[in-house]
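Residues per chain, in single letters:
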Amino acid sequence: MSKEKIKILENKLQLEVKKREELENVLQEKQEEILEVNANLSKLIDNQTQELESIFENIIDAYVLMDLYGNVLKMNKAAIDFFEYDCNKEPFNVTKIIYEKDTEYAFDSFSKLQTVGYFKDYKARIYTKSKKVKWVQINAKTVNDKDGKPTFAHGIVRDISNTVKQNLLFENQKKLLDVIINNSPLGIVLADNKKRFIKTNNAFQKMLGYSEEELKKLTITDISAKNNNEKIDDQFSKLTNNELNSFSTVKEYVSKTNDVVISKINISAVKNKNSSLKYLIGFIEDITEESKREEILEFLNGLMSSILGKTDKTEISFDISQKIIDLLGFDVCEIVFYNKNKQILNYLSTKFGEEFADLEDANERGIVAIVAKTGEPIICNDVSKDDRYISAYPTTKSEITVPIIYNDEVIGIINGESSQTNFFTKEH
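Residues numbered from 1 in each chain as written. Predicted model: local features only at pLDDT ≥ 70, side-chain atom pairs only at ≥ 80, totals over all residues. Heavy atoms only, no water.

**Describing the packing of helix 8 (residues 288-307) against helix 9 (residues 313-328)**
Convention followed: All axes are obtained by fitting lines to C-alpha atoms, using only the stretch in contact for helices, and the reported angles, taken between N-to-C directions, cover 0 to 180 degrees. Secondary structure elements follow DSSP: runs of H or I of four or more residues count as helices, runs of E of two or more count as strands, with numbering from the N terminus. Roughly parallel means an angle under 35 degrees; roughly antiparallel, over 145; roughly perpendicular, 65 to 115; everything else is oblique. Handedness of a crossing is defined here by the sense of rotation of the near helix relative to the far one, left-handed for an anticlockwise turn of less than a right angle and right-handed for a clockwise turn. In this analysis, two residues are considered to be in contact whenever any of their non-hydrogen atoms come within 4.5 Å of each other. The nonpolar class holds Ala, Val, Leu, Ile, Met, Phe, Trp, Tyr, Cys and Pro. Asp, Glu, Lys and Arg form the charged class, and all remaining residues, Gly among them, are polar.
Orientation of helix 8 relative to helix 9, taken along the N-to-C sense of each, is 160°, at an axis distance of 10 Å. Accordingly, the angle class assigned to the pair helix 8 and helix 9 is roughly antiparallel. Helix 9 is crossed by helix 8, and the crossing has right-handed handedness. Between helix 8 and helix 9, the residues in contact are Glu 295, Phe 299, Gly 302, Leu 303, Ser 306 and Ile 307 and Ile 316, Asp 319, Ile 320, Lys 323, Ile 324 and Leu 327, respectively. Here the residues of the contact of helix 8 with helix 9 are counted per class, giving 7 nonpolar, 2 polar and 3 charged.

**Some points on the sheet that holds strand 3 (residues 118-127)**
For the record, the criterion: Here, strands pair whenever DSSP counts at least two bridges between them.
Read across the open sheet, the 5 strands follow the order 2-1-5-4-3; overall the sheet is antiparallel. The open sheet has two edge strands, strand 2 (72-75) and strand 3, and neither has a second partner. Adjacent strand axes in the sheet meet at a mean angle of 30°, parallel and antiparallel pairs treated alike. Pairing analysis gives 3 bridges linking strand 1 (residues 62-67) to strand 2, with the strands arranged antiparallel. Looking at strand 2, one finds that Val 64 is bridged to Met 75.

**So, the sheet that holds strand 9 (residues 260-271)**
Taken together, the 5 strands give an open sheet; going across it, the order is 7-6-10-9-8, and neighbouring strands pair in antiparallel fashion. The sheet is open, and its two edges are formed by strand 7 (197-200) and strand 8 (246-254), each paired on a single side. Pairwise comparison of adjacent strand axes, ignoring direction, gives a mean angle of 30° for this sheet. Against the sheet, helix 7 (residues 230-240) makes contact with strand 8, strand 9 and strand 10 (277-286), and its axis sits at roughly 130° relative to strand 8, the strand it touches most.

This is the structure we're talking about:
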């Protein structure tokens, strides 16, 4: 081989050596960079792992990680304290702590976890290691592998024992309060700030003849008598406007059967935090009979005072008629004297004065004559449909006729008439 060729080969060899050295230097630099990146990544992973561990350990509620058979694989300190088990020291399977009566619910929920992948707001009882019974609320979710297949499950367990205890206490107190309210002789109502009924007790429902469902469709105004005075409306307005906290008065309601119920009421306001009216609480006492007795007593006292010392039957009759009209709201009231022997009716009324009727006359055998002869009272709810009624006053629509009996004999009749049909009742 010539020297020239040897020289060329040597130059090529030197060039390759130089390139190799340069490549090794580059590889060395890249290796150092890779080592530095790996070091940083490792540090980052360590930091994140420590951060996750810190979060895991500092969750206030109990946290557990388990396999799909219920074996707990990891649990935080809160879980260890709560369940009194430590999966790092002894096997811990959640199926062993289920309260007997909640077993079916527990396994149904666990089955849902495996099929759906989660469950929320699971509430049931469990046993701790020392056999204490506690109420828990659990939200759980499965952890899937890279193929999407459920592998583990983890969940947050919250101790709600005190909440359940308080709720039970509240329910018992509520039931007791409902018993007291529903057995109270007073009517008790709860209404909103627009006077709509929210709750009523048995006494109030019985008082007015409505069911609670029917009353919830009504307002206080709907069942109030139209003659309630402006003073009551003013007091309600003052409650609404925060000028009053409560008031008491006498108020008339109208029952489902249109009877007037006279009541003594006490209404109190329940305020919001901003002091605006939220609810009305009412206590209602039915004083209808008491009021009627007082009215009758006043009627009798007034009547006795009026006729005391009087001997004229016409004057006495007019006093009685007028006081009955004032008391009972009749349009017409007549006192009729009955002479059994002469078959004569002597009518005395403040509206038409004195009249006589002969019962031997065929045209004078109406309702008054029938009551005079039989001694039995009659209520005619619609005179236009009763052949017994003899027309005397064109405005009359209904009539009541009651005998006055002395020594077992009818000596007279009180006859009342109204311009309304169905006005009179047995109470009249």
